[in-house]
Amino acid sequence: MIVQVAVALTAGLLGWAYLAIKPPPPIICGSPGGPPVTSPRIQLSDGRHLAYIEKGVPKEEAQYKIIAVHGYDSSKDLDLPVSQELIEELRIYFLFFDRAGYGESDPYPERSVRSEALDIQELADKLHIGSKFYVIGFSLGALLAGASLVVPGVNYWWHGIPANISREAFNTLLGQDQWTFRIAHYAPWLFNWWMTQKWFPSLSMMAGNMAVFCDPDLEILKELSKKPSVGQEKIRQQGMYESLFRDIVIAYGNWEFGPLDLTNPLPENEGSVHIWQGYDDKIIPRMFTEAAAVLGVGVLLWAFQAIRPPPPKICGSKGGPKVTSPRIKLSDGRHLAYEVRGVPKENAKYKVIVVHGFDSSKHIYLPLSQELIDELGIFIVTYDRAGYGDSDPNPKRSVKSEAYDVEELADQMQLEKCFHRNQNSSSCFQTIVRRLAGAALIVPAINFWWPSFPSELCESEYKKQPKKDQWKLRIAHYVPGLLYWWMTLKWFPSCSIMARDPIIFNKRDFEILKKMLQVPNPNEHKIRQQGEFESLFKDLMVGFGSWEFDPMELENPFPHNEGAVQLWQGREDKLVPVELQRFVAKKLPWIKYHEVPDGGHLIVHDNGLCESIFKALLLKQKPTVM
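Okay, so let's go over this structure. (Residues numbered from 1 in each chain as written. Predicted model: local features only at pLDDT ≥ 70, side-chain atom pairs only at ≥ 80, totals over all residues. Heavy atoms only, no water.)

**Observations regarding the packing of helix α14 (residues 467-478) against helix α18 (residues 533-544)**
Quick reminder of the rule: Only the stretch in contact is used when fitting a helix axis, every axis being a line fitted to C-alpha atoms; angles between N-to-C directions are given from 0 to 180 degrees. Comment: elements are numbered from the N terminus, with helices defined as DSSP H or I runs of at least four residues and strands as E runs of at least two. For classification purposes, angles smaller than 35 degrees are called roughly parallel, those larger than 145 roughly antiparallel, those between 65 and 115 roughly perpendicular, and all remaining angles oblique. Working rule for contacts: check all heavy atoms of both residues, and any pair within 4.5 Å makes them a contact.
It is at 8 Å that the axes of α14 and α18 come closest, and there the two elements cross at 70 degrees. As judged from the angle between their axes, α14 and α18 are roughly perpendicular. From α14, Lys 472, Leu 473, Ala 476 and His 477 reach across to α18, where they touch Leu 540, Met 541 and Phe 544.

What follows is the structure, encoded as structure tokens:
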């Protein structure tokens, strides 16, 4: 009997403890039984929603764009007493949003200092705020023109802060607050119990203890009480744990970085960071003001450094790689490096411009026999696309700009009707058709978000991609501003093609790779020499971003059969889905579609097939080698 009672008592205590410390589930806005969604929201790349409101002048007319980040127990409806006269005089656009778990923004179980910064970055991207903006508030952000941090919170356990300063500042707090912060730091799993138990006083601010406010604070509170508080009832509506409690656990927990280890995010004085601190502030001790500055600046610095791509190492610039190839100067001042092969241009019967693909260059491996080149009289121009090899980066690179580069290259090299051989993407033929005698697209990239693709087909083919590639493509499409951070972090595996993962190659690809390795490429190190962002990452952003046109709406550039567009696809290509390529060929019947039965992604580097592609393009012969 005693044993049974002991078991029952133990089970009861465990059950009580479990229920006491386990946070209740959030009441998510828009879910069955949850609060209604009454504000505009964006959907983040991880599926969550952020609610926001816009104030001030329209963003298209604004001179200054400011994202305001609310603090503890507040929301996007915070009262920022800026006069309408000042807003119109300075042409200020304000963007307010509910942080995760507050108001009408979805909770985030993995919320952290880092995620707060990334949410701001994605919000700015989704609402097209522009490349530069200001942040004011409990500041987390990136790509900043400047920031104002107003009494930002501090963490008494930051490493690098002198222990005597932390200890002295911590001891000025009320005893109940000291215990609250200790539990948030050392035992966050107990925090829900501590904040909801009735035996001991918890956080003074939530208990309504006015001792935490100085006299000027009390005067401000008196004035605020006279005004109706818009949206006050929505602040905690999804649950106190996901809003207020999680704020404290994050702020006083273990940070992912040391703020004192960070460097100036605005080294060229292109902006500034301001800290505003109350001399008599009893919540953020005055002696800790410098540490408060480090907190806000630290978050800004981390986000800025993690997300912002490094500047390119431009060829020919001070400290940059040497220019080792002939180059042309484009009308916008950039340079394109090129290489010529084959017979002299003056003697050539066929002139071909070859456009290399991802992670390649003008030194692309083309297994054409000299006999064929001489027999047909082929003059070949290969060139480095923008940001690759010796060609200058193009900050405004797009699908159309790639096509215009080809056209200008042909003009400056005085090529009349020429053939275009593209292993990159389905470029805009209408922009260069007057120069074309024909075009061959070899395993061209497919964008899963082209509007003419059936959603069911796209979804099915997209799910066949490796998981790590699915995430890479989502970020490149929805939040390109985060792509540099994603591609350089160490927590998740890199994309398959950059890692040269064997999973992306089929049997025939491996045979081709074996032969390619027997032909050393002394210039391979030059492919990414100006920076991976301007070459590889920009390719992903351009290829899988929002295109300026729908390729399925293109018209036949050769309506009188004066030339032809050919599309070559490997049936077993694991990078470019054959089903989507078949859809393109069916939708655009003027494209001559060739499918290699056992071909993978490297079909262009196959000896017999490469020659077959050239003969089909130049001589309009039916392929004999597949």
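**Digging into the pattern of salt bridges**
Test applied: Salt bridges are identified by distance alone: a Lys or Arg side-chain nitrogen within 4 Å of an Asp or Glu carboxyl oxygen. Note on classification: 1.4 Å probe, protein chains only; a residue is buried when its accessible area is under 20% of the maximum for its type, exposed when over 50%, partly exposed between these limits.
Taken as a whole and judged by the stated rule, the model has 33 salt bridges. Between Arg 41 and Asp 106 there is a salt bridge, with its nearest N and O atoms 3.4 Å apart. Taken together, the residues Arg 41 in strand β1 (residues 41-43) and Asp 106 in the loop between β4 (92-97) and α3 (113-126) connect sequence positions 65 residues apart. Look at Arg 41 and you get partly exposed, because its relative accessible area is 23%. A salt bridge links Lys 472 to Asp 469; the shortest N-O distance between them is 3.7 Å. Linking Lys 472 with Asp 469, this pair stays in helix α14, spanning 3 residues, or about one helical turn. When sorted by exposure, Lys 472 lands in the same class as Asp 469, which is buried. Salt bridges linked by common partners bring Lys 76, Asp 98, Glu 104 and Lys 234 together as one network.

**Looking at the environment of Ile 378**
By the secondary structure assignment, Ile 378 is in strand β11 (residues 378-383). On the accessibility criterion, Ile 378 (0% relative accessible area) is buried. C-alpha separation for the pair Ile 378 and Tyr 350, spaced 28 residues apart in sequence, amounts to 4.9 Å. In contact with Ile 378, other than residues within four places in its own chain, are Arg 341, Gly 342, Val 343, Tyr 350, Val 352, Leu 372, Ile 373, Phe 614 and Leu 618.

**With respect to the pairing of strand β2 (residues 49-56)**
The condition is simple: For two strands to pair, DSSP has to find at least two bridges joining them.
Where β1 meets β2, 3 bridges bridge the pair, whose relative direction is antiparallel. Directly across from Gln 43, in β2, lies its bridge partner His 49. Two elements, β2 and β4, share 5 bridges in a ladder whose sense is antiparallel. The residue bridging Tyr 52 from the neighbouring strand is Phe 97, located in β4.

**Quick word on the packing of helix α13 (residues 455-462) against helix α19 (residues 578-587)**
Across the interface, α13 lies against α19 with an axial gap of 9 Å and an inter-helix angle of 150 degrees. On the basis of the axis angle, α13 is roughly antiparallel to α19. Residues Leu 457, Cys 458 and Glu 461 of α13 lie in contact with α19, whose contacting residues are Glu 579, Leu 580 and Phe 583.

**Side note on the environment of Lys 472**
A relative accessible area of 6% places Lys 472 in the buried class. Residues Lys 472 and Ser 496 lie 24 residues apart in sequence; the distance between their C-alpha atoms is 9.8 Å. Other than its neighbours up to four places away in sequence, Lys 472 contacts Leu 483, Trp 486, Met 487, Cys 495 and Leu 540.

**Topic: the nonpolar core**
Threshold: In this description, a nonpolar core means a group of buried Ala, Val, Leu, Ile, Met, Phe, Trp, Tyr and Cys residues linked to one another through side-chain atoms lying within 4.5 Å.
Membership of the largest hydrophobic core comes to 52 residues, with the highest contact counts inside it found for Phe 453, Leu 483, Met 487, Phe 537 and Val 584. Within the residue set of this core, elements represented by two or more residues are β13 (436-442), α13, α14, α15 (483-488), α18, β14 (565-570) and α19. When sequence neighbours within four positions are dropped, the list of residues in contact with Phe 537 reads Leu 483, Tyr 484, Met 487, Thr 488, Met 498 and Glu 532. Tyr 338, Leu 372, Val 443 and Leu 609 belong to the second largest nonpolar core, which has 41 residues in total.

**Focus on unusual backbone geometry**
A positive phi is found at Val 443, a non-glycine position, where the angle reads about 35 degrees. Inspection of the secondary structure puts Val 443 in the loop between β13 and α13. Residue class for Val 443 comes out buried when judged on its relative accessible area of 2%. The backbone of Asn 561 sits at a positive phi, close to 60 degrees, despite the residue not being glycine. With respect to the element layout, Asn 561 can be found in the loop between α18 and β14.

**Observations concerning the side chain of Ser 325**
To be explicit about the condition: Polar contact is defined as a pair of N or O atoms within 3.5 Å, subject to the rule that within protein one atom must be able to donate a hydrogen and the other to accept it, and that residues adjacent in sequence are counted only when both atoms are side-chain atoms.
One can find Ser 325 in the loop between α10 (289-307) and β8 (327-329). In this structure the side chain of Ser 325 is engaged in a polar contact, spanning 3.1 Å, whose partner is the side chain of Lys 362. Separated by 3.0 Å, the side chains of Ser 325 and Asp 390 make a polar contact. Those residues in contact with Ser 325 that sit more than four places away from it in its chain are Ala 337, Tyr 338, Lys 362 and Asp 390.

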